[in-house]
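# Structural overview for review
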Amino acid sequence: MGVLMSKKQQVEKVQKCSVVVSAFKDGLKDRAAPAAGAPNEEVIAENGDGSADGSHQASKEQTEQKDKDSKPGSLPNQQASAPAREEHKANQEAWGRLRDGKGVEPEDLKKAHQLIPPAFVRPKREVNDDQPLDVSLGQREQPINDEMCEVCEVWTADDLFPCRMCTRVFHDGCLREMGYLSTEALQEMRETAHTTSGWSCYYCDNVNLLLTEEEMYSLMETFKQCKIIPESCLVSDELLQYRHFVTKQLFERNLTDEEEEEVLAQFAALDPDKKGQIEWSDFLYHESLSVLQKFRTENSLVRILTAKERDRARAVFQSIDQDKDGIITAGEARKAQTSWFHKINKESQSCSVSISHVGPISESSPASSSSERSRDKALENDNRPVTWDSFLRESAIYILAARPNSSAMHIRLPL
């Protein structure tokens, strides 16, 4: 009998527990769903018996709420938040590429076949950067190109395309797989890499890679304050606004009428095809060179030059120095700087060369003013003596400005 009563008591106890659990579950149904992101473990712990019924119910209510938000009847600010988040994400990625020295986003290729570009580390300033560098005029360096492709490290003889600035060589297929060159740029490389005009690889073409971390940070902060979005083109009004802001920040004044005219001439120089807008890469290169001019000494810029660039400078100086006394005039140096790296006219290579992308705009250009032309003539008649060392120091920034493959003129001689 005692045993039967014990079983009866157990049954009654189980029934009571079932009532309590049922009431507890009903209470959970009446409660508001937990806040988004709240851990499910907390709800499971409240069940007491370790079951996940409460968690399942809460998750179901959260899912239903999300479905309601995504329906046409949801609030306008909820609908508008998605495009805003996407735009913010795209801008953040663009800033990241700019900081990492990529400049622009590679082409959208099949990721399964895309090669991984080599890691890039921004240069650091050395202790002796500002000290003079002894570069001999009499002895050419004549560097030899690498034997293997920079990307795949394979040698295939005539299929390799050399850079005109450094000793690197590349397969056109490797560059295509990396996504660094468009179809048009690849075709230009094939046509020019083995000619006297030459082709610059993606390292040398992007002069922004010459900036240190500190210099790049300074430039990016200026872009952000001026609301310049990376990888976007600029029209003339945007360039004027940018120059007004920078002038206000640096000199606490507005641009003069003459300076505004100079900005428009600069816009024309950066838009050689007259598209009505400046490509992002050309604007970035122009601003990067401006940073180098502002923060670097001439000696430090000479140290950046490659052996090929120094050889080119020697050849130009020696062609001007007819009496071989190691001295030319300031006017002759100016003429060399304005006609250094001409680009061949693509439409007719038998025609005269187009304007240089170093030095001032040619007289035939609509952006060239009469004051600039008269200034150029006055400087060409300057007979001050210039030595080889002085010539190389003064020309360094213009040699660097000639690196990009773009036909835009990324820097001009100072007023």
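Let me begin by describing the structure that accompanies this report. (Residues numbered from 1 in each chain as written. Predicted model: local features only at pLDDT ≥ 70, side-chain atom pairs only at ≥ 80, totals over all residues. Heavy atoms only, no water.)

## Description of unusual backbone geometry
Put simply, the test is: Numbering goes from the N terminus for both helices and strands, where a helix is a DSSP run of H or I of at least four residues and a strand is a run of E of at least two.
Not every positive phi belongs to a glycine, and Glu252 is a case in point at roughly 55°. Here Glu252 lies in the loop between helix 9 (236–251) and helix 10 (257–270). A positive phi is found at Lys324, a non-glycine position, where the angle reads about 60°.

## Looking at the side chain of Asn405
Applicable threshold: By the criterion applied in these results, polar contacts are pairs of N or O atoms within 3.5 Å in which, for protein atoms, one can donate a hydrogen and the other can accept it, and in which residues neighboring in sequence qualify only through two side-chain atoms.
Mapped onto the fold, Asn405 is located in the segment after helix 16 (388–401). Here Ser200 takes part through its backbone oxygen, which lies 2.8 Å from a polar atom of the side chain of Asn405.

## Quick look at the packing of aromatic side chains
Rule in force here: Only centres within 6.5 Å qualify two rings of Phe, Tyr or Trp (six-membered ring in Trp) as a pair; their planes then separate them into stacked at under 30 degrees, edge-to-face at over 60, and tilted for everything else. Under the scheme applied here, a residue whose accessible area is under 20% of the maximum for its type counts as buried, over 50% as exposed, and between as partly exposed, the area being computed with a 1.4 Å probe on protein chains only.
Applying the stated criterion across every chain, the model contains 11 aromatic pairs. Where Tyr242 meets Phe283, the ring centres are 5.3 Å apart and the plane angle is 75°; that geometry is what we call edge-to-face. Of this pair, Tyr242 sits in helix 9 while Phe283 is found in helix 11 (residues 280–295), placing the two residues 41 residues apart along the sequence. The two residues Tyr242 and Phe283 agree in class, both being buried. When the centroid spacing of 5.6 Å and the interplanar angle of 65° are considered together, the rings of Phe317 and Trp388 count as edge-to-face. Residue Phe317 is found in helix 13 (residues 307–320), and its partner Trp388 is found in helix 16; the two are separated by 71 residues along the sequence. In this structure Trp388 comes out as buried when scored by relative accessible area, which is 5%. Three or more aromatic residues link up through ring pairs in this structure, and these residues are Phe170, Trp199, Tyr202 and Tyr203.

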